[in-house]
Each structure stands twice: as structure tokens, then as C-alpha cells.
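Working through the structure, step by step
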Amino acid sequence: MKTFSKILPYLLAAVMIGVFLTLMLRGYPYYSLPVYDSPEVEISRSFSPMHDHWKPGGTLGHGLGILGMLMMLSILVYYARKRVSWMKNWGPIRIWLQVHIFMGLCGPMLILFHSTGKVDGLVALSFWAMWGVVLSGIIGKWLYSQIPKSLAGSELSMQELMEEDRRLVGALRKELGLQHPIFDKIDAISSIPEGVQGADALTALKFIIQDDISRVRQIRELKQAIASEGIASEQAKRILALAKRKSLLVRKMRLLDTAQALFHWWHVFHKPLTYLMYGAAAIHVTVAIFLGYRWF
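Treat the numbers as computed from the prediction; the structure is a model and nothing was measured.

Brief notes about the overall build of the protein chain
Along the protein chain, the regular secondary structure elements total 11 helices and zero strands. C-alpha extents for the protein chain along the principal axes are approximately 80 × 40 × 40 Å. Out of the 296 residues belonging to the protein chain, those deemed buried represent 38%. When the accessible area of the protein chain is evaluated, it comes to approximately 17,800 Å², of which 66% is carbon and sulfur surface. Taking the 33 positively charged and 21 negatively charged side chains of the protein chain as two groups, their mean positions are separated by 6 Å.

Dropping the structure here:
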């Protein structure tokens, strides 16, 4: 299961990229045509032989809209998996989150092709609310990653975090011995400047972003320092992996309250936007059916 959860994001990304490229390449002759007729236009989409197939109400276009909408509805199952007691044993939450992200990205992509880029009226409200949800979801995923979790994806308590920190320190001491100059460098990348812990959310957020950026350089310098100590290659890899996990764990432990507060406020913004998207989409689908648009 652990290996599957590592491979799954790449498989889903490959599927999404494959679908995008297929639709883009096959639909380009239609999408590249002007939307409206005018004296300057040689041929618009309405006169294209592809129109009946690719237009929003066409065989393929309509099908893309239905499939995209079903995928957008399916992302709600993830929330049910988190909250409904009898669904708690339906597999690791980490895998559910990966599928949730895939549905939340692939669904809007299909709806984008369904719209053919022509959005106005109520459709525009639903369309832009959908992309607002996608953007907000990406930010939410990043905020959620700041909250430490187990391999199964469950949030860890502070006691579990302290136990994990002690386990990592023990593993590093086993690799390096009780006292080694590399420990000072690991402590340096695990430290948080005075005033950040307990500071306001904006200060903490700014620090996390800066730390993520500078971490690349710090890890590279640590790798060079480990190599300069003449440590064997395989052991050096283990030490570096342990040091990365420890430094991130310490930061997440010290800023846990702030990360949870930010994630809470993200929900306050994300939920109404999601309700708006589903509400406008429901009206759009109802009106389309009322006007006689059928896929079959």
C-alpha cells in the first residue's frame, strides 16, 4: 500500500496530461477558429465540420461537460470519508486525498474543453467560481501539508510528534555517534528565528515560504558538509534523509497552532466559494435540460 500511494500521484498526473494533450491536439483545428462570424472571418466555429461534435452541446463537448461535472461532484466523497464514521476504514486518507486532487484538477479541465472558452451569463459565474475553487484548493493543499501527518495521512498529536522527533534524533545518533559536528549543521537548519513561534499568522506564513525557498540551499550545503566528513555514500544518504525529516518536523511542531489556525481560516473562505460553484452549476444544468439539451 505504501508503494502504491507513492506511485499513484504520478499515474494520475500521467492520465491527466495524456487526456489534456489528446483533447488539445485533436480539438485544436476547432478551438483555433474564431467564435463569431464577421466579414473578416473566413470560417467560424459554427461552419466547421467539427462543430456538431465539439460544441458545448455536441456529442463530445456535452459528454466532456457531464464527465467533468461528475468528477467535480465526486470530490465530495473525500469529505464524507473524513467525517462519516462508517467510512473511516475505507482505505488510507492519503490515497483519498490524491484521488480528490486528481478529480479537482481533471474535472475543471474537462469543463474548460466543454465550454470551448465561451463563457457568459450564469455560466460565467459557475465557471469562474470553479477556477476560484481550484486555485483555493491548491493553496489549501499547501497549508494542509504544513500539518504533520502519519503515513496513513492522519494528523499527529503533539505527543506523537515529540516521539517521532526523539526517534529521528536516536536514528541520527546511531549513524553519527553521540557527538559529531554535523549535528550542529542539522540543528541550524532545524532552528526557527526568535519571535516567529507565537507570532501572528502573516509573519509565520512569510517565514514558512522563505524557509521553503532557502531550504534547497541549506540541504545542498548540508550534503556537501556530510561528504567532506568522508562518510560513506549509503550512510550519507540515510543521514541526509533523516536530517530533512527532522528539520521539517521541528518547524511543523513549533508552528502547528499557526498552521491549524490558517487551515481553519482557509476553510472559511473555501466553503462559500464551493457552495457558489455547485449552486451556479446546478442552475446551469437545470436550465440546459429544461431547454432540451440532451446528450442522448
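And the narrative resumes.
Comments concerning the nonpolar core
Core analysis: the largest hydrophobic core is formed by 31 residues, its most contacted members being Leu-176, Ile-182, Ile-186, Leu-222 and Ile-226. Going through the elements one at a time, α5 (93-115), α6 (121-144), α7 (158-176), α8 (181-190), α9 (201-228), α10 (233-254) and α11 (256-290) are the ones with two or more residues in this core. Ranked by residues supplied to this core, first place goes to α10 with seven residues. Ile-186 has contacts with Leu-172, Leu-176, Leu-222, Ala-243 and Lys-246, leaving out every residue within four places of it along the chain. Counting 15 residues, the second largest nonpolar core, distinct from the first, contains Leu-12, Ile-95, Met-109 and Phe-113.

Some details on the confidence of the model for the protein chain
Mean pLDDT for the protein chain: 86, with 95% of residues reaching 70 or above. Confidence scores differ between elements of the protein chain, with α8 showing the lowest mean pLDDT of 78 and helix α3 (residues 59-74) the highest of 94.

What about the packing of aromatic side chains?
For the coordinates displayed, the defined rule picks out 10 aromatic pairs. For the ring pair Tyr-31 and Phe-113, a centre distance of 5.7 Å and an interplane angle of 50° mean the geometry is tilted. Linking Tyr-31 in helix α1 (residues 2-31) with Phe-113 in helix α5, this pair joins segments that are 82 residues apart in sequence. Classification of Phe-113 as buried rests on a relative accessible area of 6%. Aromatic pair Tyr-78 and Tyr-79: ring centres 5.6 Å apart, planes at 65°, arrangement edge-to-face. The partly exposed category is assigned to Tyr-79, whose relative accessible area is 25%. An aromatic cluster of three or more residues is present, and its members are Phe-20, Tyr-30, Tyr-31, Trp-54 and Phe-113. Directly above the aromatic system of Tyr-30 lies the positively charged group of Arg-45, at a separation of 5.5 Å from the ring centroid.

Structural notes on the packing of α3 against α11
For the pair α3 and α11, the least separation of the axes is 12 Å and the interaxial angle reads 145°. When the axes of α3 and α11 are compared, the crossing they make is left-handed. Taken together, the residues of α11 that come into contact with α3 (itself represented by Met-69, Met-72 and Leu-73) are Met-277, Tyr-278 and Ala-281. Residue composition of the contact of α3 with α11, by class: six nonpolar, no polar and no charged.

A look at the pattern of salt bridges
One pass over the structure, following the stated rule, counts nine salt bridges. The shortest N-O distance in the salt bridge between Glu-221 and Arg-217 comes to 3.4 Å. On the criterion of helical spacing, the pair formed by Glu-221 and Arg-217 is a turn pair, its members being four residues apart in helix α9. Judged by relative accessible area, which is 41%, Glu-221 ranks as partly exposed. Its salt-bridge partner being Glu-234, residue Lys-237 comes within 3.8 Å of it at the nearest N-O pair. With a gap of three residues between them, Lys-237 and Glu-234 both fall in helix α10, about one helical turn apart. Classification of Lys-237 by relative accessible area gives exposed; the value is 53%. Each of Asp-211, Asp-212, Arg-215 and Arg-251 takes part in a single network of salt bridges with overlapping partners.

A closer look at the packing of helix α4 (residues 76-83) against α5
Two elements in contact, α4 and α5, have axes separated by 9 Å at closest approach and are oriented at 160°. In terms of orientation, α4 lies roughly antiparallel with respect to α5. Regarding α4 and α5, the two cross each other, and that crossing is left-handed. Of the residues in α5, those touching α4 at Val-77, Tyr-78, Tyr-79, Arg-81 and Lys-82 are Ile-93, Trp-96, Leu-97 and His-100. When grouped by side-chain class, the residues that make up the contact of α4 with α5 number six nonpolar, one polar and two charged.

Examining α5
Its 23 residues give α5 an end-to-end C-alpha distance of 33 Å, which sits within 8% of 33 Å, the value for a rise of 1.5 Å per residue. The positive-phi residue at the C-terminal boundary of α5 is Thr-116, with phi of around 55°.

Re the environment of Ser-136
On the secondary structure map, Ser-136 appears in helix α6. With 130 residues separating them along the chain, Ser-136 and Trp-266 place their C-alpha atoms 8.1 Å apart. Discounting chain neighbours no more than four positions away, the residues touching Ser-136 are Trp-266, Phe-269, His-270 and Leu-273. A distance of 2.7 Å separates polar atoms of two side chains, one belonging to Ser-136 and the other to His-270.

Conventions used here
Residues numbered from 1 in each chain as written. Predicted model: local features only at pLDDT ≥ 70, side-chain atom pairs only at ≥ 80, totals over all residues. Heavy atoms only, no water. Helix = DSSP H or I, 4+ residues; strand = E, 2+ residues; numbered from the N terminus. Buried < 20%, exposed > 50% of the residue type's maximum accessible area, 1.4 Å probe, protein only. Areas by Shrake-Rupley, 256 points an atom, 1.4 Å probe, with all protein chains shown as cover. Lys, Arg positive; Asp, Glu negative; His and termini not counted. Charge placed at Lys NZ, Arg CZ, Asp CG, Glu CD. Core = buried A, V, L, I, M, F, W, Y, C linked by side-chain atoms within 4.5 Å. Contact = heavy atoms within 4.5 Å. pLDDT = per-residue confidence, 0-100. Phe/Tyr/Trp six-rings, centres within 6.5 Å; stacked < 30°, edge-to-face > 60°. Lys NZ or Arg CZ within 6 Å of the ring centre and 35° of its normal. Axes fitted to C-alpha atoms, helices over the stretch in contact; angles between N-to-C directions. Left-handed = near helix turned anticlockwise from the far one by under 90°. Nonpolar A, V, L, I, M, F, W, Y, C, P; charged D, E, K, R; others polar. Salt bridge = Lys/Arg side-chain N within 4 Å of Asp/Glu carboxyl O. Parallel < 35°, antiparallel > 145°, perpendicular 65-115°, else oblique. Expected span 1.5 Å × (residues − 1). Polar contact = N/O pair within 3.5 Å; in protein donor to acceptor, adjacent residues only side chain to side chain.

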